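Okay, here's what each chain looks like letter by letter:
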Amino acid sequence: MNQLTILEAGLDEIICETVPGEAIQYSRYSLDRTSPLAGGCAWIEGAFVPAAAARISIFDAGFGHSDVTYTVAHVWHGNFFRLEDHVERFLAGAEKMRIPMPATKAEIMDLMRGCVSKSGLREAYVNVCVTRGYGRKPGEKTLEALESQLYVYAIPYLWVFSPIRQIEGIDAVIAQSVRRSPANVMDPWIKNYQWGDLVRATFEAQERGARTAFLLDSDGFVTEGPGFNVLMVKDGTVFTAARNVLPGITRRTALEIARDFGLQTVIGDVTPEMLRGADEIFAATTAGGVTPVVALDGAPVGAGVPGDWTRKIRTRYWQMMDEPSDLIEPVSYI
Ligand SMILES: *Cc1c(COP(=O)(O)O)cnc(C)c1O
């Protein structure tokens, strides 16, 4: 068994459990605290503000109607990962929702870079969202009278699955009390905050003593979980859901890595029976990298420990954050 240590990541409030020698390690640095934006920076209504002071209007339809789409990109060891892919998915989602985008792609990317740079954070969670916005009258709901709003923030890395969970694995259940919203209700292809189904599944997982839940769609196929995609390995093939899921950028990366390792990959229908017979299962998300699922509905997945392919894909994923490539963009800290 590897020995667990607690590492401090240069910032007093960030304490991260990980395992020495594993690929997931925070930068060791000390943050220059002279700027009030250090440690977390947001961009709202044309100004950069400290993340802790960031406020938006209560009349924003993003809040009132969840009329909003977003993405979360990340910075690791001072490098953005797949920034342009995130922004392209974000723009496509906004277009589908017919939310007028108040900035160009280049401007959005610059604002994301700006928030990270001003925050000084080497490891950051970078959220950009666009809302339907608000009008001149308080509570205005007429669509044409609303002006869309773009919000950006960079804060210390937020984890769905922390580094130690990515190393040791998690348990999951298949939710029984709720199904994933289908594409003809709230299209999960668009990254959205309509988390009613995902939150209900999270409560069910808690009640059943598990870390998280996978949701089925109304036809009984496996979709995804609260903020992550689900992948499984069986006899050298990686399977993941085609329908009623967000096309995750971490999932895309994991599939590319798997193909580089010589595995077959299939984006298709995944049934609960396939999951129960899987050699390995893992979750993929920006906020959790590649996380092994070692038990499903109380039964071990494979040998009940993180699978070999999952561990290889996870290690490769985090190594990519340091290797110069088209997917990486160093942040210039001022
Ligand atoms: C963000 C998210 C994911 C993961 O997507 P990434 O691009 O890999 O971060 C998966 N499912 C849902 C519902 C999400 O919101």
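Residues numbered from 1 in each chain as written. Predicted model: local features only at pLDDT ≥ 70, side-chain atom pairs only at ≥ 80, totals over all residues.

Per an unreviewed UniProt entry, the protein chain goes by the name Branched-chain amino acid aminotransferase and belongs to Rhodobacter sp. 140A.

Caption draft 1: Expanded view of the confidence of the model for the protein chain. Looking at the protein chain, the pLDDT average stands at 94 and 95% of residues meet or exceed 70. Confidence drops under a pLDDT of 50 for residues 1-10, and excluding neighbours within four residues, the segment shows 22 contacts in the predicted structure. (pLDDT = per-residue confidence, 0-100. Contact = placed C-beta atoms within 7 Å.)

Caption draft 2: Fine view of the nonpolar core. One finds Ala 172, Ala 213, Leu 231, Met 232, Ala 254, Ile 281 and Val 293 to be the most contacted residues of the largest nonpolar core, which totals 43 residues. Looking at this core element by element, the count peaks at five residues for strand 12 (residues 228-234). Core analysis: the next-biggest nonpolar cluster, separate from the first, contains 37 residues, Cys 41, Val 68, Val 116 and Tyr 151 among them. (Core = buried A, V, L, I, M, F, W, Y, C linked by C-beta atoms within 7 Å. Buried ≥ 20, exposed ≤ 12 C-beta atoms within 10 Å, placed from the backbone. Helix = DSSP H or I, 4+ residues; strand = E, 2+ residues; numbered from the N terminus.)

Caption draft 3: How the structure looks around the site of the ligand. Close to the ligand lie 14 residues, the nearest being Gly 248, Ile 249, Thr 250, Thr 285 and Thr 286. Those elements that provide at least two residues to the shell around the ligand are strand 12, helix 6 (249-260) and strand 15 (280-285). Ranked by residue count, the leading element in the shell around the ligand is helix 6, at three residues. Per-class residue counts for the shell around the ligand are five nonpolar, six polar and three charged. (Near = placed C-beta within 6 Å. Nonpolar A, V, L, I, M, F, W, Y, C, P; charged D, E, K, R; others polar.)

Caption draft 4: Structural detail: the sheet that holds strand 5 (residues 68-76). Strand order in this open sheet of seven strands is 4-3-8-7-5-6-18, and the pairing throughout is antiparallel. Looking at which strands have only one partner, the edges of the open sheet turn out to be strand 4 (47-50) and strand 18 (328-330). Geometrically, the sheet is characterised by an average inter-axis angle of 25° between neighbouring strands, direction not taken into account. Against the sheet, helix 2 (residues 83-97) touches strand 5, strand 6 (79-81), strand 7 (124-134) and strand 18, its axis set at about 175° to strand 5. (Pairing = 2+ DSSP bridges. Axes fitted to C-alpha atoms, helices over the stretch in contact; angles between N-to-C directions.)

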